[in-house]
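Fold and contact review
The chain contents come next:
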Amino acid sequence: MPRRFSMQLIMGIALTLLGAGVSVQVWLGGWTQVFAQGSSTVIRVAGSTTVLPIVSPAAERFQIRNPSVKITVNAGGSGVGIHGAGTRRLDIGLASREITPKENNRYASSQLNSIVIGRDAVACVVSSEIFNSGVHSLSKQQIGDIYLGKITNWQQVGGPDRSIIVIDKETHRGTRHVFMQYLFGKPNARAPGARLVTGSNNEEQAKIAQSDAAIGMLSMAWINDDVVGIGIRDGRQVIQPTLENVRSGSFPIARNLNLITAGNPVGAAKQFIDYLLSPEGQKIVEASGYISIHSPQAVSQVAGSHSK
Amino acid sequence: MNKHPMFSERGPAFWWTGFTALIASGTIFILFVSLVIESVPVFKAEGISFLWGTDWFAGEAYGALPMVFGSLVVTGLAVVIVLPFALGSAILTSEFLNGRLRLMVKAAMELLAGVPGIIYGLMGIALLTVWVRDVFGLIDGNTLFTAGLLLAVMILPTVMTLAEDALRAVPGEFRDTALSLGLTRMETVLKVVVPEALPGLAGAVFLGLGRAMGETIAVMLVIGGIDRIPQPWFNLFAPGQNIPSKIGREAAEALGFDVQWSALIALGLLLFVMVMTLTSAGNFLLGKAR
């Protein structure tokens, strides 16, 4: 089995570590601010590992232009981003899903506010060995049955005779919310068919790449040769997880990438958000593999069907 | 009042050291009390069945058994795997090596004991999961067994060095007498030295267990992360979850809120009690050995 994931594995572990570290970081957030107040302003950012690839390079560039501003960026997941903004441990929370009504109630006093900085899709992904053996698309029903444990062998969906390694995610993760909403109409649906639970995009990507029989859910920007996004089959039509299909609105599992603040952003945090919304910030969004908010709703949508 | 020599002079040195000692020993007390207080909400919500509930789904149900089960299984497994290696190398170093060679082995072991957990985790996810899968012909290598194996490697130096100390503590006359009575080297070790050092050896194992039980990141990366007791329960080649890994995965999201947070704290309390029991047992046995 060819293995090309060593680099991505190391990245994955580094980010997993970041994820584990974020709780401490968020705890201590209040203190870092106290210590750092003397010379510079600190913007504390953490949350979704889907939004992270946009915010990390943007933060670097922003800091070069504004040397008096320090931005700390951490992983953790959408739940962590929303929680951090709600408890004001973070200035900006990252979320690859919408705030749930429950979260809105919980942090009512913080007046949570979300700002869309880009768009993404959640693709259903499989190990490259499965893709190469001929499983290029699955229907919503099939994916659902796999996650419910009703389909347990790849043979049942046209693949090799091999058990399916179903990879689930931690329940607060944005990707999981969006995927489960699509499959079962409930962001917090259970997945009794799951075998492994992962956290960040990196961790999930690494485990799928390592396996030769895994299925999972992944932000579109994280798809690569080892972790292949498959099409969603609807009747005779197969919709591929491509940027065009997300732009046109035909790929069914799309989502907004959000920045979460408590109330309207002010000061340095506002400047940073404005930077992300500016043409230069939006270029970073596109360079990271996502869709700009300024991107016109594609002509194909008007034309009808762009999918093949 | 009788003046104990310890209290004879209450200068600044007494008060300062007394203060630091109070803080140090008070910390453990405060920690325990706050764990108990913060766990109350989950016991109110779930009742005592929190302890043996098998279902955990954030926001819906909280049952600790899969995590407690996972913790016990992986640490138990680690000890079973580590025991022959740790004892073997301890006996070799203490009974058959002397001088520089012995110090070199000890130094290497102590270096190994200082390797951070994440390094083991890295090796675990990159190599061990793949090996376990291929060697045992599994469909996936993230299992309770993998976690136990990784923990065995991690606690090997701790158990080995402490066991070696225990063996060394057996007075030389015991060996001389045994040898002069005509026992072979092997018999001397197995029938005289090891039985004599037994409390110390047991102490070494208990301290190793304590470390294994609390290990987080390395286990988190290879155990599978699913809150489920395998079917059947003794199937060690199935994925599972232990307490530190569960807390590591959910803490940042729950931080300070709701029953979920309380449930995680209660898991922490369970872990705390289990580790404390093991460590005290270990220290007691080691103390007895000296």
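Below is a summary of the structure that appears in this document. (Residues numbered from 1 in each chain as written. Chains lettered and ligands numbered in written order. Predicted model: local features only at pLDDT ≥ 70, side-chain atom pairs only at ≥ 80, totals over all residues. Heavy atoms only, no water.)

**Looking at the overall build of chain A**
For chain A, the count of helices and strands is 12 helices and 12 strands. Taken across its 308 residues, chain A has 58% of its residues classed as buried. Long-range contacts, defined as pairs at least 24 residues apart, comprise 74% of the intrachain contacts of chain A with a sequence gap of at least 6. Approximately 12,200 Å² of chain A is accessible, and the part contributed by carbon and sulfur atoms is 54%. (Helix = DSSP H or I, 4+ residues; strand = E, 2+ residues; numbered from the N terminus. Buried < 20%, exposed > 50% of the residue type's maximum accessible area, 1.4 Å probe, protein only. Contact = heavy atoms within 4.5 Å. Areas by Shrake-Rupley, 256 points an atom, 1.4 Å probe, with all protein chains shown as cover.)

**Considering the environment of G124 of chain B**
All names here are of chain B. Note on placement: G124 falls in helix α4 (residues 117-136). Along the primary structure G124 and V219 are separated by 95 residues, whereas in three dimensions their C-alpha atoms are 8.5 Å apart. Those residues in contact with G124 that lie beyond four places of it in its chain are T129, L150 and V222.

**Details of the layout of surface pockets**
If you add up the space inside the second largest pocket, you get close to 490 Å³. Forming the boundary of the second largest pocket are 24 residues, of which V197 of chain A together with W56, F57, I226 and D227 of chain B lie nearest the centre. At the level of secondary structure, the elements contributing two or more residues to the lining of the second largest pocket comprise β6 (165-169) of chain A together with α9 (243-254) of chain B. Looking at the lining of the second largest pocket, its residues break down into nine nonpolar, four polar and 11 charged. (1 Å grid on protein atoms, 1.4 Å probe; cavity = no way out; pocket = protein on both sides within 12 Å on 5 of 7 lines; lining within 4 Å. Points joined across faces, edges and corners; volume = space filled by probe spheres on them. Nonpolar A, V, L, I, M, F, W, Y, C, P; charged D, E, K, R; others polar.)

**A few points about the sheet that holds strand β10 (residues 231-234) of chain A**
Residue and element names in this part refer to chain A. Taken in spatial order, the three strands line up as β5-β10-β11 in an open sheet, and their pairing is mixed. In this open sheet, the two strands that pair with only one neighbour each are β5 (137-139) and β11 (237-239). Strand-to-strand, the axes of this sheet are offset by a mean angle of 35°, without reference to chain direction. For β10 and β11, the ladder comprises three bridges, and the chain directions are antiparallel. Within β11, the position partnered with D234 by the bridge is Q237. Sitting on the sheet, helix α6 (residues 140-148) is in contact with β5 and β10, with an inclination near 85° to β5. (Pairing = 2+ DSSP bridges. Axes fitted to C-alpha atoms, helices over the stretch in contact; angles between N-to-C directions.)

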